[in-house]
Number of protein chains: 2
Amino acid sequence: MGVVRKTKHLEQVLRVFRQSSDPLSARMLLDALPNEVNKSTVYRMLDKLEDDGVIHSFMTLEHIRFYALCKGCSSGQRVDSHAHFQCTSCKRVSCFSDEIVLPIPEKARITSVQVLFTGQCQSCLS
Amino acid sequence: MGVVRKTKHLEQVLRVFRQSSDPLSARMLLDALPNEVNKSTVYRMLDKLEDDGVIHSFMTLEHIRFYALCKGCSSGQRVDSHAHFQCTSCKRVSCFSDEIVLPIPEKARITSVQVLFTGQCQSCLS
DNA sequence: ACATTGTTGCAACCCAGTTGCATTAATTTT
DNA sequence: AAAATTAATGCAACTGGGTTGCAACAATGT
Ligand SMILES: [Mn+2]
Ligand SMILES: [Mn+2]
Ligand SMILES: [Zn+2]
Ligand SMILES: [Zn+2]
């Protein structure tokens, strides 16, 4: 079951996501929230928002889950995936703007795809 | 630093990987090994094998790391990625045989890509 | 205002993965 | 072959992301 009631915390969570250009982990979100919020509460909000399709999540190399606002995959049919990138030096996670079109395997009923590029970001290269 | 000495455990680990068509988690590997092996040892062997490029790893939705033998990305240049699939019902993880060709973003020096499809496998559908 | 029920905080818990250290075993040197 | 060297192993304690049961609280409908 997704979000039902519009609570203060929920509004703040959504505001933090909108103001961030990058995906966030639960820990980063906790630190970014203006009020002190219990971590259980944060995890439960994230679960519900994902249930509702408002956010997507994906795992990074350090087995930490990151979350980002969904930007329009909701329309249904196609399995869309905007890819993500993690810098192996500074560990920062970011979105790739370009949509990636993937051939969908026939062997199963695919409902989502996660693409994670890794390497070194510009600032870590220079 | 990668593997240096050819120990009994290491041979058994490689044998298990060769006999398995699917990627394995550390837990699955532990259970598949003929001898009782300490989990720290297993994790350390996996680390070293990945350092050496013998195996690749990727995270699944339940934040569990899976490992699979590298099948020929070693030749260098191209960022190759054979995609993986996890069934959301039975949680089984498998490889997709078809190589996936991805446009490599210019914004960073990409060294690897992970692609994880999720959905329902054939047997869970029927 | 009241009843209903979703949400929150708390504390305890789970589990994948890590780490420090003493012991063991593979490889090199003599 | 024996000794020396050092990588690999087992163990136990630990870390940290994430979960869960439950009582207290707060949003929503009437
Ligand atoms: Mn989306
Ligand atoms: Mn490979
Ligand atoms: Zn970086
Ligand atoms: Zn299945």
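Note: the structure precedes this text.
Residues numbered from 1 in each chain as written. Chains lettered and ligands numbered in written order. Predicted model: local features only at pLDDT ≥ 70, side-chain atom pairs only at ≥ 80, totals over all residues. Heavy atoms only, no water.

Student: Outline the coordination of the zinc ion (ligand 3), listing residues and values.
Tutor: All names here are of chain A. The coordination sphere of the zinc ion (ligand 3), as far as protein atoms go, consists of C87 (SG), C90 (SG), C121 (SG) and C124 (SG), spread over 2.2 to 2.5 Å. Considering all four donor atoms around the zinc ion (ligand 3), angles at the metal cover 102 to 124° and the coordination shape is tetrahedral. Mapped onto the sequence, the residues coordinating the zinc ion (ligand 3) show the spacing C-x2-C-x30-C-x2-C. You can see C87 sitting in strand β4 (residues 82-87) and its partner C121 sitting in the loop between β6 (109-120) and α4 (122-125), a full 34 residues away along the chain. (Donors = N, O, S within 2.8 Å, 3.2 Å for Na, K, Ca; no water. Tetrahedral: all angles 85-135°; square planar, octahedral: opposite > 155°, others 65-115°. Helix = DSSP H or I, 4+ residues; strand = E, 2+ residues; numbered from the N terminus.)

Student: Provide a residue-level description of the protein's contact with DNA strand D, including the pertinent values.
Tutor: Inspection of the region around DNA strand D gives 21 residues, with K39 and S40 of chain A together with T41, R44 and K48 of chain B positioned closest. Of what DNA strand D places within 4 Å of the protein, 53% of the atoms are sugar or phosphate. In this structure, a phosphate oxygen belonging to DNA strand D sits 2.9 Å away from a side-chain N or O atom of Y43 of chain A. Between a phosphate oxygen of DNA strand D and a main-chain N or O atom of N38 of chain B, the distance comes to 3.1 Å. At the level of elements, α3 (39-51) of chain A together with α3 (39-51) of chain B are the ones that each hand at least two residues to the surface near DNA strand D. By residue number, the principal contributor to the surface near DNA strand D is α3 of chain B, which donates five residues. Taken together, the residues of the surface near DNA strand D break down into five nonpolar, seven polar and nine charged. (Near = heavy atom within 4 Å. Polar contact = N/O pair within 3.5 Å; in protein donor to acceptor, adjacent residues only side chain to side chain. Nonpolar A, V, L, I, M, F, W, Y, C, P; charged D, E, K, R; others polar.)

Student: Account for the relation of the copies chain A and chain B, naming residues and giving values.
Tutor: You can overlay chain A on chain B at an RMSD of 0.1 Å; the transform is a turn of 180° with a shift of 0.0 Å along its axis. Overall, the copies show the geometry of a two-fold rotation axis. Residue V115 of chain A of chain A places its C-alpha closer to the rotation axis than any other residue of that unit, at 2.3 Å. When the interface residues of chain A are mapped onto chain B, 100% of them again lie at the interface, so the same face is used by both copies. (Least-squares fit on C-alpha atoms with pLDDT ≥ 70 in both. Contact = heavy atoms within 4.5 Å.)

Student: Before we move on, could you go through the pattern of salt bridges and cite the residues and values that matter?
Tutor: All names here are of chain B. For the structure on display, the rule yields four salt bridges over all chains. The partner of K91 in a salt bridge is E62, and the shortest N-O contact between them spans 3.8 Å. Residue K91 is located in the loop between β4 (82-87) and β5 (93-99), and its partner E62 is located in the loop between β2 (55-59) and β3 (65-69); the two are separated by 29 residues in the primary sequence. (Salt bridge = Lys/Arg side-chain N within 4 Å of Asp/Glu carboxyl O.)

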